[in-house]
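Each chain is listed here by its residues.
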Amino acid sequence: YRYDASEQSIFSIAPQTATLLTGLDDDVHVLAFFRETEGRAAENLLDTYAAESDRFSFEMVDPNQRPEMAQQYEVTEYSTLVVVYGGDSTRVTDLSEEVLTNALVRITGAKTKRIYFVTGHGEPDVTERETPDGLGQLAASLENEGAKVFPLLLATVPDVPADASLLVIAAPQRPFLENEMESLGRYLDRGGRAWILLEPQRSDELVSMLAERGIIVGDNVVIDVVVQLLAGPAAGVEPVVSDYGFHPITEQFNQNTVFRIVRSVQPAEELPAGISVSELARTSSNSWAESNVDLVFETGEVDPEGDAEGPVSIA
């Protein structure tokens with residue numbers, strides 16, 4: 001049994017890596033080509049992989065002492081990992097879990113998730129990494145976990161691509177066309193996965209579509225009272241969440257998260273046949289769902305009278 005006592009869990013691997021390792025159908029062997037005194041970090045990393053699966057093994061090789069092995073695997077520089085799976089092999093020169101796991105995904109033929117981000121309605125740019133509103137950092141993180149990210153102009157295709165592992169609709173500012181809504185409905189009805197992020201006062205057509213499927217999106221903005229250093233308590237539109245639902249999506253969540261400008265999302269009182277709904281994130285008891293959205297955005301003031309009190313479900 002292994003227990004990682006380090007503060008930053010530096011001797012633990014990500015759940016995605018663990019899932020890949022436990023699902024290996026054949027043996028993986030890694031040859032780590034390092035000078036004798038320089039391979040400690042690589043050995044620590046590989047040891048965490050080997051502890052997760054009996055099908056994963058590794059060997060530390062000093063190319064100065066075993067030049068024939070370096071020649072056999074065409075290794076021309078120190079600090080190189082050679083991943084061997086079946087009759088195939090691939091080299092890794094960047095010592096990190098992300099890079100090594102991606103190499104395993106490629107060589108083992110594990111299915112690569114294809115994630116499509118809908119465009120054409122004023123959504124944040126999936127390639128922009130420098131501005132706060134860009135989604136480039138998110139896209140890069142997904143690709144570092146082995147996924148492929150693509151923009152999708154839904155209005156120009158007859159249907160959501162059949163190979164889509166996930167469809168992301170992130171904060172659209174303009175309405176969807178009728179043919180787009182029909183395409184989206186067909187995708188969901190055949191079991192397609194979607195991640196839909198809606199801002200207040202936007203996307204009425206998506207709100208209606210979700211209501212038909214048992215998800216009620218509130219016409220509000222969630223206000224949270226936080227205590228600021230020196231300034232005391234203040235109401236803001238960035239609620240803090242530490243209350244997560246019991247669901248595989250949130251089972252690893254153990255830290256607070258901040259959500260900027262969100263609206264309430266909750267299950268319908270009567271769910272359609274065949275549909276189940278789980279609450280994933282709820283705000284604190286100091287929050288509420290402010291129904292006078294115009295007052296908030298036009299004057300910066302709030303009026304909690306008669307509004308739904310927290311905790312408020314936002315996912």
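Conventions adopted
Residues numbered from 1 in each chain as written. Predicted model: local features only at pLDDT ≥ 70, side-chain atom pairs only at ≥ 80, totals over all residues. Heavy atoms only, no water. Helix = DSSP H or I, 4+ residues; strand = E, 2+ residues; numbered from the N terminus. Buried < 20%, exposed > 50% of the residue type's maximum accessible area, 1.4 Å probe, protein only. Polar contact = N/O pair within 3.5 Å; in protein donor to acceptor, adjacent residues only side chain to side chain. Contact = heavy atoms within 4.5 Å. Arc of directions from axis to C-beta. Phe/Tyr/Trp six-rings, centres within 6.5 Å; stacked < 30°, edge-to-face > 60°. Lys NZ or Arg CZ within 6 Å of the ring centre and 35° of its normal. Core = buried A, V, L, I, M, F, W, Y, C linked by side-chain atoms within 4.5 Å. Axes fitted to C-alpha atoms, helices over the stretch in contact; angles between N-to-C directions. Left-handed = near helix turned anticlockwise from the far one by under 90°. Nonpolar A, V, L, I, M, F, W, Y, C, P; charged D, E, K, R; others polar. Pairing = 2+ DSSP bridges.

(A) Seen up close, the side chain of Ser 53. Checked against the element boundaries, Ser 53 lands in the loop between helix H2 (40-52) and strand E2 (56-61). By relative accessible area, which is 8% here, Ser 53 ends up buried. A distance of 3.1 Å separates a polar side-chain atom of Ser 53 from the backbone nitrogen of Arg 55. Setting aside its immediate chain neighbours within four residues, Ser 53 contacts Leu 21 and Leu 24.

(B) How the structure looks around helix H7 (residues 204-211). Of the residues making up H7, those classed as buried are Leu 206, Val 207, Met 209 and Leu 210. Around the axis of H7, the buried residues are gathered within 165° of arc, so they sit on the same side. Where the residues of H7 are buried, they touch strand E7 (166-170), helix H6 (178-189), strand E8 (194-197) and strand E9 (215-217).

(C) Just the packing of aromatic side chains, in detail. Under the criterion given, the structure shown has 3 aromatic pairs. Aromatic pair Tyr 49 and Phe 56: ring centres 5.4 Å apart, planes at 40°, arrangement tilted. For Phe 56, a relative accessible area of 3% corresponds to the buried category. The residue whose ring lies beneath Arg 35 is Tyr 78, and the NZ or CZ to ring-centre distance is 3.6 Å.

(D) How the structure looks around the side chain of Thr 101. Checked against the element boundaries, Thr 101 lands in helix H4 (residues 97-108). For Thr 101, a relative accessible area of 7% puts it in the buried group. Setting aside chain neighbours within four positions, we find Thr 101 in contact with Thr 17, Leu 20 and Tyr 49.

(E) Highlighting the nonpolar core. Ranked by size, the top nonpolar core spans 23 residues in total, and within it Val 28, Tyr 49, Phe 56, Leu 81, Val 83 and Leu 104 carry the most contacts. Of all the secondary structure elements, the ones that give two or more residues to this core are helix H1 (15-22), strand E1 (28-33), H2, strand E3 (80-85) and H4. Ranked by residue count, the leading element in this core is H4, at 5 residues. In this structure Val 83 touches Val 28, His 29, Val 30, Asp 88, Ser 89, Thr 90, Val 92, Leu 100, Leu 104 and Ile 107, once residues within four positions along its chain are discounted. With 19 residues, the next largest nonpolar core counts Tyr 116, Leu 152, Leu 167 and Ile 169 among its residues.

(F) Examining the packing of H1 against H4 more closely. H4 packs onto H1 with a crossing angle of 35° between their chain directions and a minimal axis gap of 11 Å. At the point where H1 passes H4, the crossing takes the left-handed sense. Contacts from Thr 17, Leu 20 and Leu 21 in H1 reach Glu 97, Thr 101, Leu 104, Val 105 and Thr 108 in H4. Classifying every residue of the contact of H1 with H4 gives 4 nonpolar, 3 polar and 1 charged.

(G) Spatial organisation of the sheet that holds strand E6 (residues 148-153). Across the sheet, 4 strands lie side by side as E6-E5-E7-E8; this open sheet has parallel pairing. In this open sheet, the two strands that pair with only one neighbour each are E6 and E8. For this sheet the average axis-to-axis angle between neighbouring strands, irrespective of direction, equals 20°. In the packing of H6 onto the sheet, the strands contacted are E7 and E8, and the crossing angle to E7 comes to about 135°.

(H) Main features of unusual backbone geometry. A cis amide bond links Gly 310 with the next residue in sequence, Pro 311, at an omega value of 0°. At Glu 74, a residue that is not glycine, the phi angle is positive and equals roughly 55°. Note that Glu 74 resides in the loop between helix H3 (67-72) and E3. We classify Glu 74 as exposed; its relative accessible area is 56%. With a phi angle near 55°, Ile 261 is a residue other than glycine that sits in the positive phi range.

(I) Broad picture of the sheet that holds E1. Sheet architecture is open: 4 strands sit in the order E2-E1-E3-E4, paired in mixed fashion. The sheet terminates laterally at E2 and strand E4 (88-92), the two strands that pair on one side only. Strand after strand, the sheet turns through a mean of 20° between neighbouring axes, direction not considered. Sitting on the sheet, H2 is in contact with E1, E2 and E3, with an inclination near 160° to E2.

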